[in-house]
Each structure stands twice: as C-alpha cells, then as structure tokens.
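Here is how the chains run, residue by residue.
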Amino acid sequence: MTAQHSQSSQMAREIAEQPAAVQRTLDRLLPQRESLRELVGERRRVLLVARGSSDNAAVYGRYLLEVGAGVPAALAAPSVATHYRARLDLTDTLVVSVSQSGSTQEIVESQAWARECGAATAAVTNVADSPLAAAADLALVTQAGPELAVPATKTYVTQLAAVAVLADALGAGIGDDLARVPEEISRLSGADVEAAARLLADAEHVVVSGRGLLMGTALETALKLEETCLTPVRGYSYADLRHGPISVVTSGIAAVLVAAQDGPLAEPMVELAADLRSRGAHIVGIGGGTAFAEACDVHLAGPELPEAVAPLATIVPAQLMIERLARDLGLDPDNPRGLKKVTQTDA
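Residues numbered from 1 in each chain as written. Predicted model: local features only at pLDDT ≥ 70, side-chain atom pairs only at ≥ 80, totals over all residues. Heavy atoms only, no water.

Visitor: Give me the lowdown on empty space enclosed by the protein, citing residues and values where you can.
Guide: One pass over the structure, following the stated rule, counts two cavities of 30 Å³ or more. What the largest cavity holds in volume is close to 40 Å³. Lining the largest cavity are Arg211, Leu214, Val258, Ala259, Ala260, Asp262, Leu265, Ala266, Met269 and Glu307. When contributions to the lining of the largest cavity are tallied by element, the ones reaching two or more residues are β8 (253-259) and α15 (266-278). A per-class count over the lining of the largest cavity returns seven nonpolar, no polar and three charged. (1 Å grid on protein atoms, 1.4 Å probe; cavity = no way out; pocket = protein on both sides within 12 Å on 5 of 7 lines; lining within 4 Å. Points joined across faces, edges and corners; volume = space filled by probe spheres on them. Helix = DSSP H or I, 4+ residues; strand = E, 2+ residues; numbered from the N terminus. Nonpolar A, V, L, I, M, F, W, Y, C, P; charged D, E, K, R; others polar.)

Structure follows, in structure tokens:
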C-alpha cells in the first residue's frame with residue numbers, strides 16, 4: 001500500500017461516522033412525526049427547495065412522498081422567489097427547505113417568500129441555530145455533527161433520513177425499515193472499492209444513471225465525482241439516457257449505475273447495464289440484485305433494504321469509491337479545488 005493510500009482523509013472519517021449520525025437523526029426526528037402531521041393539516045402538496053447535494057436529497061424526498069405517501073410533491077426553482085418574485089398561492093402547500101448549513105441566503109429567502117405566499121414551512125438543516133431553522137414553522141434538525149470535509153457525506157445522508165421521516169409522517173409506512181438503515185450503512189462502510197476506482201480512473205468519460213427512488217442517488221454520485229475528482233460527469237435518469245445520449249456510449253466510457261434490489265425498476269436497470277456493455281462501455285454497478293451484479297464489470301453490493309429506504313445506504317459505496325478515486329488521482333478529497341462549504345448564489 002502506498003503512503004498516499006495509508007492516509008485517512010477527513011471525508012473517509014466522516015463517511016465512517018454515518019451509521020451513528022443517522023441513528024441520532026432518526027432518534028431525534030421520528031418523535032416529530034405528529035408535529036409534522038399537525039403542521040400539514042389539510043394541505044395537499046409539498047414543495048421542496050434546495051441546491052446542490054441538498055437538491056439531490058430533495059429529489060429522493062419528492063419520489064418517496066409521491067410513491068410512498070401519495071402526496072403530490074415537486075422541486076421548487078428558487079429563482080422564482082428570489083429573482084422573479086412571483087406571487088403564488090401556496091396556502092395548500094408545505095414548503096420544505098433543505099440546506100445543510102441553514103445559511104444559504106437563496107434558500108433562506110425562498111422560505112420567507114413561501115410563508116408570504118401562505119405556505120406552512122419546514123426546514124431540514126444540520127445547524128439548530130441557523131437562520132433557516134429559526135424562521136421555519138418546524139425545524140427538522142439533523143444530527144450529523146460538524147462536517148469538516150467540503151464534500152457533503154454525513155450531512156447528505158442525514159438529510160435523506162429527515163425527508164424519509166417526513167414521508168413516513170404523511171403515510172409512507174416505512175418506520176420499521178428506517179430502523180434497519182444504520183446497521184446496513186455500517187455493513188457497507190467496509191466495502192472494497194479499489195477495482196471500481198481503478199475502472200473510473202482509466203475511463204475517458206463517465207456517465208451515472210439511476211431512476212425512480214434511486215435517481216437522487218445517481219445525481220449525488222455524479223455531483224460528488226465532479227466536485228471531488230474534478231472529472232466531468234453527466235448524471236442521467238435511465239429514461240433520459242435511453243432517449244438520445246445512449247447513442248454516444250462507446251468504448252472508453254465508464255457508466256456508474258445505481259439500483260435497488262427490488263421495485264419496478266430493478267429489471268430495467270439490468271437491461272440498461274447489458275445494453276451499455278454491448279456498446280463498449282465498462283460498468284460499475286452499485287446495489288441491485290444478482291442479475292444486475294452479473295451484468296456489470298465491477299459490482300459494489302448495496303443494502304439489504306427495500307427500495308423505499310435503500311437510498312440512505314446505497315450512496316455509501318459510492319462515497320467510498322469517490323474518496324478512493326480522488327486519492328488515486330493525487331487529489332485532496334477534503335478540499336476540492338474551487339469549492340466552499342457554504343455556497344451563496346446570487347440571490
């Protein structure tokens with residue numbers, strides 16, 4: 001083992017903290033389900049507001065609310081509030097603002113706008129005394145603890161836990177499955193990702209794909225590859241990749257595919273892996289079942305969890321793979337070039 005690989009990064013240490021962070025978050029937030037139900041009352045819709053990694057957590061929340069709880073949900077465009085200053089009727093809407101720091105001005109302003117438009121507001125943040133938490137009707141404060149590495153790992157996963165608690169409060173019925181998540185994250189935290197990182201290091205181009213409840217996981221994987229490894233990556237839904245971009249997949253391209261072991265999209269992801277390989281791509285698969293694993297060049301096992309909560313743990317092998325790839329490329333995974341911990345857009 002080289003000296004480079006013997007050094008533990010802050011990112012790796014924070015990945016290892018995730019089982020405890022998720023357990024603390026669930027212990028704190030599950031008792032708030034009744035307060036969430038009271039806040040929602042007769043409101044019929046949920047609107048999620050976020051940027052960056054938080055936006056990928058919101059993508060999961062949107063799917064889970066609609067598929068699991070039967071609640072119409074959507075992702076907001078913050079510029080509608082901060083630049084266009086449109087006036088919408090949000091009186092039947094719960095607006096959930098997701099920000100790790102709770103200090104991103106664009107998200108804080110969007111939450112204030114939502115309240116002015118008549119919405120009830122909930123904040124998902126890791127900082128209890130943040131402006132976002134202070135101004136919300138209800139704060140869902142995650143318990144990740146301080147995160148020092150710039151790439152979000154434990155704050156992202158605890159955000160997934162928070163939006164899962166929200167969906168459970170509104171009828172998703174996933175409480176028992178959520179209880180199993182910390183143990184599955186712990187089991188996956190020791191994954192051997194050397195072969196997967198090596199495959200990506202040799203690739204000319206990388207695409208990442210998933211669909212449905214795992215779509216946010218695919219987008220988060222692509223984002224982390226870009227910001228941590230300084231590699232241009234495209235994150236696609238399975239459907240979008242099929243509609244056009246798949247025509248440019250040839251040898252020299254690596255595809256990272258994320259899948260659940262069950263659900264209606266498990267088999268289509270197997271078919272996608274086989275199709276991409278037939279076009280010359282090399283496949284890193286994360287999660288899925290036996291057939292999916294066999295369709296990939298390198299496979300990283302996912303959690304033994306149903307699709308509804310699988311994203312909370314499926315991201316862990318991806319995080320480990322990305323941290324290892326960054327070090328293999330001689331990069332500092334803790335401090336990617338040009339990034340800051342709190343991003344302020346021109347709100």
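Visitor: Help me get a handle on the pairing of strand β4 (residues 120-125), residues and values and all.
Guide: With six of its six residues buried, β4 lies for the most part within the structure. In the sheet, strand β3 (residues 93-98) pairs with β4 via five bridges, with the strands oriented parallel. Each bridged residue has a counterpart across the sheet, and for Val96 the counterpart in β4 is Ala122. Considered for its hand, the β-α-β crossover made up of β3, helix α7 (residues 105-116) and β4 is right-handed. Judged from the four bridges that link them, β4 and strand β5 (residues 138-141) form a sheet pairing that is parallel. The residue of β5 that forms the bridge with Val124 is Leu140. (Buried < 20%, exposed > 50% of the residue type's maximum accessible area, 1.4 Å probe, protein only. Pairing = 2+ DSSP bridges. Right-handed = clockwise from strand over helix to strand, strands pointing away.)

Visitor: Tell me about the sheet that holds strand β10 (residues 298-300), residues and numbers included.
Guide: Strands sit in the order β7-β6-β8-β9-β10 across an open sheet of five strands; the sheet is parallel. The open sheet terminates on both sides in strands that have one partner only, identified here as β7 (233-237) and β10. Averaged over neighbouring strand pairs, the angle between their axes works out to 20° when direction is ignored. The pairing of strand β6 (residues 205-210) with β8 spans five bridges and is classified as parallel. Each bridged residue has a counterpart across the sheet, and for Val208 the counterpart in β8 is Val256. Most of the contacts of α15 go to β8, to which it runs at about 175°, and overall it touches β6, β8 and β9 (282-287). Together, β8, β9 and β10 form the strand contacts of helix α17 (residues 311-328), whose direction differs from that of β9 by roughly 135°. (Axes fitted to C-alpha atoms, helices over the stretch in contact; angles between N-to-C directions. Contact = heavy atoms within 4.5 Å.)

Visitor: Any details on the layout of surface pockets? Residues and values, ideally.
Guide: Reported here for the second largest pocket is a volume of approximately 200 Å³. Surrounding the second largest pocket, 13 residues form its lining, Ser189, Ala191, Val193, Leu320 and Glu323 being those nearest its centre. With four residues, α17 is the single largest residue contributor to the lining of the second largest pocket. Considering only residue class, the lining of the second largest pocket consists of six nonpolar, two polar and five charged.

Visitor: Residues and numbers for the side chain of Glu14, please.
Guide: The residue Glu14 is located in helix α2 (residues 10-16) in this model. Among buried Asp, Glu, Lys and Arg side chains, Glu14 stands out as unpaired, with Lys154 the closest opposite charge at 4.9 Å. Excluding its chain neighbours within four sequence positions, the residues that come into contact with Glu14 are Pro146, Glu147, Leu148, Ala149, Thr153 and Lys154. (Lys, Arg positive; Asp, Glu negative; His and termini not counted. Salt bridge = Lys/Arg side-chain N within 4 Å of Asp/Glu carboxyl O.)

Visitor: Can you lay out the sheet that holds strand β1 (residues 45-49) for me, pointing to particular residues and giving the numbers?
Guide: Reading across the sheet, the five strands line up as β2-β1-β3-β4-β5 and stay open at both edges, with parallel pairing between neighbours. At either end of the open sheet lies a strand with only one pairing partner, and these are β2 (73-75) and β5. The sheet shows a mean angle of 20° between the axes of neighbouring strands, direction not considered. Direction of pairing for β1 relative to β2: parallel, over a ladder of three bridges.

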